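Examining the three-dimensional arrangement
Single-letter residue listing:
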Amino acid sequence: MSGKYTIILAAGKGTRMKSKLYKVLHPVCGKPMVDHVLTEVEKTQPDEVVTVVGHGAEAVEETLGDRSAYVVQETQLGTGHAVLQAEPLLGDKDGMTLIANGDTPLLTADTFEKLFAYHRDKGAAATILTAKAPDPTGYGRIIRSEIGTVQKIVEQKDATPKEAEVDEINTGVYCFDNQSLFKALHQVTNDNAQGEYYLTDVIEILKKAGAIVAAYKMTHFEESMGVNDRVALAAATRVMQTRINTAHMRNGVTLTDPSTTYIDRDVVIGADTVIEPGVQLLGRTVIGADCVIGAHSKLVNATIEDQVTVTSSTIEDAIMRKGSNIGPNSHLRPLSDIGEGAHIGNFVEVKKATIGARTKVGHLTYVGDATLGTDINVGCGVVFVNYDGVKKWHATVGDHSFVGSNANIVAPVTIADHSFIAAGSTITEDVPFHAMGIARARQTNKENFWDRTPLATDPEWNK
Ligand code: UD1
Ligand code: CA
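Residues numbered from 1 in each chain as written. Chains lettered and ligands numbered in written order. Predicted model: local features only at pLDDT ≥ 70, side-chain atom pairs only at ≥ 80, totals over all residues. Heavy atoms only, no water.

1. Points about the overall build of the protein
Each helix and strand in the protein was counted, giving 9 helices and 37 strands. Compactness check: the protein gives a C-alpha radius of gyration of 32 Å against a globular reference of 23 Å for 463 residues, more than 25% above the reference. With the C-alpha coordinates aligned to their principal axes, the bounding extent of the protein is approximately 110 × 60 × 45 Å. Per-residue burial for the protein yields a buried fraction of 49% across its 463 residues. Entry remark: accessible area of the protein is about 22,000 Å², with carbon and sulfur atoms responsible for 51%. (Helix = DSSP H or I, 4+ residues; strand = E, 2+ residues; numbered from the N terminus. Rg over C-alpha atoms; globule rule 2.2 N^0.38 Å. Buried < 20%, exposed > 50% of the residue type's maximum accessible area, 1.4 Å probe, protein only. Areas by Shrake-Rupley, 256 points an atom, 1.4 Å probe, with all protein chains shown as cover.)

Following this line, the structure appears as structure tokens:
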């Protein structure tokens, strides 16, 4: 049976990135480049995907997991040598093999499908995905005969001045008849400017053997952009961002200023939500419908239900339930759960705490390691004192309680439903149902205190 296979090349170090991180793992809109490639490849439903790893093999395998099989290219002798490493897994298969580089994050499944269709249509042994580049520098050039048929691909460093003028480039994506590919790969030599086994040489080998070689020229060069350095990384990110933002707008999300809105690839946003300028929505953030995410907010892996308002705040690994609001200038840290209709106001930090429905924590407060019930009012400047210098402790506050301003709630402690905490109290013991906990020195007024001060005899003050 004839199958459909994909080989992703991801063994290179990416010297031009000047980075500790392996090139194909550099993220574009929150997703490693090689993951973008695999995600699009998966949409074409291949029977098997093989990723060639080398530099950073373990990190790449960890990133992609069992979505791909792997072969290791111990030394990076070139793209042809890289593909050859997949021979033990794919060499005896019948069918069509797509090859893509791990550093072309903008290519889409739609383009791959068009390449397949063209390849089948031409009955080709090899079809190259090409594009017309405004500046072809650095890419392999597509050399065609006078009647327009593809002869070979010439790398930048091996090109004659005339060949270098060609602006049709090799995107690094190809569709091959699987058997022909591996047969031809064995004939590739490293007799070239870089001393590498070029995959691109397979084209000329097949051509000379009389096989049909085709080239499918895609319309948008931009999509084929290969990222070899940080300048290209930024350019690719810009393109990806525009694509992501456009998709959200088409789905009914308002972006006040798309050019300053940074949304990662896997973020989900409901209709009629408004995203103001300078917002970053990162990781696995999910936002419901009818929300407002105010200017300069940063959300990382946040879950935001419908009708939530976030004003200039930071939310990490936390959930805000329906109709709740936060900000300006507040911070939800991991494992914070803000209940329906709850209000988190200005300069409030919440960490690993559950805030019940309709509870209000309005001003200058720290809530860490705590469970707050529903309909509670927490005054200004309250501190949930959760750390004794060694260990973190948990505090509980029951429904409908009132926590006065500037109270310290020293955990472990439980404050029952319908109870009160007097302002300024440092609470270290449990407070029972309907009670008021007050823990501060009683006020005394020293009468005629003035007379005991030097002011009493100072002529200036006694005119
Ligand atoms: C390659 C193509 C070039 C094309 C360009 C498109 C060759 C010889 N040249 O050049 O025609 O225009 O892509 O972006 O194929 N890799 C390995 N093992 C190796 C060498 C590379 O796995 O031994 C991987 C890299 O990790 C990378 C991909 O192959 O993902 C491409 O390698 P790179 O060095 O970036 O090739 P280019 O010089 O860009
Ligand atoms: Ca490249």
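Back to the write-up after that little detour.
2. Observations concerning the pairing of strand β27 (residues 343-355)
Sheet topology places strand β24 (residues 325-326) next to β27; 2 bridges connect them, and they run parallel. Paired with I326 across the strands is I344, a residue of β27. Direction of pairing for strand β25 (residues 331-332) relative to β27: parallel, over a ladder of 2 bridges. Following the sheet pairing, H331 is matched in β27 by E349. Pairing analysis gives 10 bridges linking β27 to strand β28 (residues 360-372), with the strands arranged parallel. Paired with A353 across the two strands is A370, which belongs to β28. (Pairing = 2+ DSSP bridges.)

3. Some details on the coordination of the calcium ion (ligand 2)
The protein atoms that coordinate the calcium ion (ligand 2) are D103 (OD) and N228 (OD1), at distances of 2.4 to 2.6 Å. Here the residue D103 occupies a position in the loop between β6 (95-101) and α5 (109-122), and N228 occupies one in the loop between β11 (213-217) and α9 (230-250), the gap between them amounting to 125 residues. Residue class for D103 comes out buried when judged on its relative accessible area of 10%. (Donors = N, O, S within 2.8 Å, 3.2 Å for Na, K, Ca; no water.)

4. Examining the pattern of salt bridges
Applying the stated criterion across every chain, the model contains 19 salt bridges. Between E349 and R333 there is a salt bridge; the shortest N-O distance is 2.5 Å. Of this pair, E349 sits in strand β27 while R333 sits in the loop between β25 and β26 (337-338), and the two are 16 residues apart along the sequence. What makes R333 partly exposed here is its relative accessible area of 25%. (Salt bridge = Lys/Arg side-chain N within 4 Å of Asp/Glu carboxyl O.)

5. Some remarks on the domain arrangement of the protein
By the assigned domains, the protein splits into domain 1 (3-224), domain 2 (253-312) and domain 3 (314-442). Each of domain 1 and domain 3 has a C-alpha centre, and the two are 56 Å apart. (Domains from an automatic or database assignment.)

6. Details of the site of ligand 1
Near ligand 1 lie 24 residues; those nearest to it are G12, Q73, T79, E155 and N170. Take G12: an N or O atom from its main chain is 2.8 Å from an oxygen atom of ligand 1. At a separation of 3.2 Å, an oxygen atom of ligand 1 approaches a polar side-chain atom of K23. For ligand 1, the accessible surface in isolation is 760 Å², of which the surrounding protein chains cover 91%. A majority-of-atoms criterion places ligand 1 in the largest pocket. At the level of elements, β1 (3-10), α3 (79-84) and β10 (168-177) are the ones that each hand at least two residues to the shell around ligand 1. It is β10 that provides the largest number of residues to the shell around ligand 1, a total of 3 residues. Here the shell around ligand 1 is built from residues that sort into 7 nonpolar, 13 polar and 4 charged. (Near = heavy atom within 4 Å. Polar contact = N/O pair within 3.5 Å; in protein donor to acceptor, adjacent residues only side chain to side chain. 1 Å grid on protein atoms, 1.4 Å probe; cavity = no way out; pocket = protein on both sides within 12 Å on 5 of 7 lines; lining within 4 Å. Sits in = over half its atoms within 2 Å of the grid points. Nonpolar A, V, L, I, M, F, W, Y, C, P; charged D, E, K, R; others polar.)

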